[in-house]
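Coordinate analysis (summary)
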Amino acid sequence: MKTKEKIEEYLKEDIIGKLYENNLYLSEILPQEKEYDGVTRKIVEISNRILKQIEGKNKKDLIEYMEYVNIKQGIEAKHQFELGFKVAIQLILEGLA
């Protein structure tokens, strides 16, 4: 199912109920832009090249580093989402006042 179709499907459903039940998985909807696909392929290609060139402890250290970078980026993304959500709610509340 394409991203636009997934988003439209979510909008037809009870979003508040899904949020309450912790059953809303918007993170499953990935960007469909060519740039995103190209960057993703390039990351995999470079990662595979690097991992083939190193061995032993260096390889383990690199994998651990990559895991922590991913965790950090996830934390940052969550923070940005929460901040954006709070700003959106504040804008709505100010618009209703």
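Look up a bit, the structure's there.
Reference entry: report on the structure contained in this document. Values in this document were obtained by computation on a predicted structure and should not be read as measured data.

What counts and what doesn't
Residues numbered from 1 in each chain as written. Predicted model: local features only at pLDDT ≥ 70, side-chain atom pairs only at ≥ 80, totals over all residues. Heavy atoms only, no water. Helix = DSSP H or I, 4+ residues; strand = E, 2+ residues; numbered from the N terminus. Rg over C-alpha atoms; globule rule 2.2 N^0.38 Å. Buried < 20%, exposed > 50% of the residue type's maximum accessible area, 1.4 Å probe, protein only. Axes fitted to C-alpha atoms, helices over the stretch in contact; angles between N-to-C directions. Parallel < 35°, antiparallel > 145°, perpendicular 65-115°, else oblique. Left-handed = near helix turned anticlockwise from the far one by under 90°. Contact = heavy atoms within 4.5 Å. Patch = residues over 30% accessible without salt bridge, like charges linked within 9 Å, V, L, I, M, F, W, Y side chains within 5 Å. Areas by Shrake-Rupley, 256 points an atom, 1.4 Å probe, with all protein chains shown as cover. Salt bridge = Lys/Arg side-chain N within 4 Å of Asp/Glu carboxyl O.

1. Regarding the overall build of the protein
When its secondary structure is counted, the protein shows four helices and zero strands. Going residue by residue from the N terminus, the α and β elements of the protein occur as α-α-α-α. Relative to its length of 97 residues, the protein is extended, with a C-alpha radius of gyration of 19 Å against a globular reference of 13 Å. Looking at the 97 residues of the protein, the share that counts as buried comes to 9%.

2. Examining the environment of Asp14
Relative to the helices and strands, Asp14 is located in the loop between α1 (3-12) and α2 (15-20). It is 9.8 Å that separates the C-alpha atoms of Asp14 and Leu24, two residues lying 10 residues apart in sequence.

3. Regarding unusual backbone geometry
For Asn22, which is not glycine, the phi dihedral falls at a positive 55 degrees. Using a relative accessible area of 65% as the deciding quantity, one classes Asn22 as exposed.

4. What to know about the packing of helix α3 (residues 34-53) against helix α4 (residues 56-96)
The description of two helices packed together rests on the angle between their axes and the distance between the axes. As a packed pair, α3 and α4 sit with axes 9 Å apart at the nearest point and diverge in direction by 155 degrees. Classed by the angle they form, the pair α3 and α4 counts as roughly antiparallel. In this structure, α3 crosses over α4, and the sense of that crossing is right-handed. Counting all contacts with α3, which are made through Ser47, Ile50 and Leu51, the residues of α4 involved are Lys59, Leu62, Ile63 and Met66.

5. What about a nonpolar patch on the surface?
A surface patch of nonpolar side chains, amounting to about 640 Å² of accessible area, comprises Phe81, Phe85, Ile89, Ile92, Leu93 and Leu96. As for its position among the elements, Leu93 is in helix α4.

6. Considering the pattern of salt bridges
For the coordinates displayed, the defined rule picks out five salt bridges. Salt-bridge contacts for Glu45 lead to Lys42; the nearest nitrogen and oxygen are separated by 3.4 Å. Taken together, the residues span about one helical turn, with Glu45 and Lys42 both in helix α3 at a distance of three residues. Classification of Glu45 by relative accessible area gives partly exposed; the value is 38%. Looking at Lys42, the relative accessible area reads 42%, which means it is partly exposed.

7. A word on the environment of Lys4
Structurally, Lys4 is set in helix α1. Along the primary structure Lys4 and Ile29 are separated by 25 residues, whereas in three dimensions their C-alpha atoms are 9.1 Å apart.

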